[in-house]
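Remarks on the overall topology
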Amino acid sequence: MPTTKKIGGIEPLPRYIMPDSSMPHYDEILEQLQEYQRSLIGSSYYYIRVEKEQPTLCRIVPGAGTIFFHEIVDHEKHGIDDDDLEEAVSLDEGSFSKPGYHQISSHIETKLRVLLDFP
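So, here is what we can say about the structure in this document.

Analysis parameters
Residues numbered from 1 in each chain as written. Predicted model: local features only at pLDDT ≥ 70, side-chain atom pairs only at ≥ 80, totals over all residues. Heavy atoms only, no water. Helix = DSSP H or I, 4+ residues; strand = E, 2+ residues; numbered from the N terminus. Buried < 20%, exposed > 50% of the residue type's maximum accessible area, 1.4 Å probe, protein only. Contact = heavy atoms within 4.5 Å. Areas by Shrake-Rupley, 256 points an atom, 1.4 Å probe, with all protein chains shown as cover. Phe/Tyr/Trp six-rings, centres within 6.5 Å; stacked < 30°, edge-to-face > 60°. Arc of directions from axis to C-beta. Polar contact = N/O pair within 3.5 Å; in protein donor to acceptor, adjacent residues only side chain to side chain. Axes fitted to C-alpha atoms, helices over the stretch in contact; angles between N-to-C directions. Parallel < 35°, antiparallel > 145°, perpendicular 65-115°, else oblique. Nonpolar A, V, L, I, M, F, W, Y, C, P; charged D, E, K, R; others polar.

**A few points about the overall build of the chain**
For the chain, the helix and strand inventory stands at 3 helices and 6 strands. When the elements of the chain are put in sequence order from the N terminus, they spell out β-α-β-β-β-β-α-β-α. Sorting the 119 residues of the chain into buried and exposed places 38% on the buried side. Taking all contacts inside the chain whose residues are at least 6 apart in sequence as the whole, residues at least 24 apart take part in 55%. Summed over all atoms, the accessible surface of the chain reaches about 7,500 Å², with 52% contributed by carbon and sulfur.

**A word on the packing of aromatic side chains**
By the definition in use, this model includes 3 aromatic pairs. For the ring pair Tyr47 and Tyr101, a centre distance of 5.8 Å and an interplane angle of 35° mean the geometry is tilted. Taken as a pair, Tyr47 in strand 3 (residues 44-51) and Tyr101 in strand 6 (residues 101-102) lie far apart in primary sequence, 54 residues in all. Grouping residues by exposure puts Tyr47 and Tyr101 together as buried. Aromatic ring contacts, followed pair by pair, group Tyr47, Phe96 and Tyr101 into a single cluster.

**Looking at helix 1 (residues 25-33)**
Along helix 1, the positions that sit buried rather than exposed are Tyr26, Ile29, Leu30, Gln32 and Leu33. One side of helix 1 carries all its buried residues, which in axial view fall inside an arc of 165°.

**A closer look at the side chain of Arg49**
Residue position: Arg49 is located in strand 3. In this view, Arg49 contacts Tyr26, Gln54, Pro55, Thr56, Cys58, His70, Ile72, Gly100 and Tyr101; residues no more than four positions away in its chain are not counted.

**Concerning helix 2 (residues 82-91)**
Of the positions making up helix 2, those classed as buried are Asp84, Leu85 and Ala88. All buried residues of helix 2 lie within an arc of 100° about the axis, which places them on one face of the element. Exposed side chains of helix 2 directed beyond 90 degrees from the buried face belong to Asp83 and Ser90. At the N-terminal end of helix 2, a side-chain oxygen is found 3.2 Å from the backbone nitrogen of Asp83, two or three residues along, and the residue is Asp81.

**Section: the packing of helix 2 against helix 3 (residues 106-116)**
A pair of packed helices is captured by two measures, namely the crossing angle of their axes and the spacing between those axes. Two elements in contact, helix 2 and helix 3, have axes whose closest approach is 9 Å; the angle formed by their N-to-C orientations is 135°. The angle between helix 2 and helix 3 places the two elements in the oblique class. Contacts between helix 2 and helix 3 involve Asp84, Leu85 and Ala88 from the former and His107, Ile108 and Lys111 from the latter. When the residues that make up the contact of helix 2 with helix 3 are grouped by side-chain class, the tally is 3 nonpolar, 1 polar and 2 charged.

Below is the structure:
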């Protein structure tokens, strides 16, 4: 079975996280994402998280009334570049109560819907 390894301090993408009770903010994020139709693409909610001034595209997959898993998405494989993420962060009007979390822009939404075939 092939394995992935950390190169230069960067973990390979995608990275999946199975949220548990030690990470209560995922429920809060999901609750806020559900207020914005743009965030829901297919059965996943997309958003941008900024950590150490680096924006990353993330998705939450809900299931059975809770969060099934959280993924840090390789945005470049979805046709989204760093400029798209930075623009979305700059256009966001502070819709999340937690700092460092932002909505995706309509431009990113369009790219994801076209690529993932969810009109």
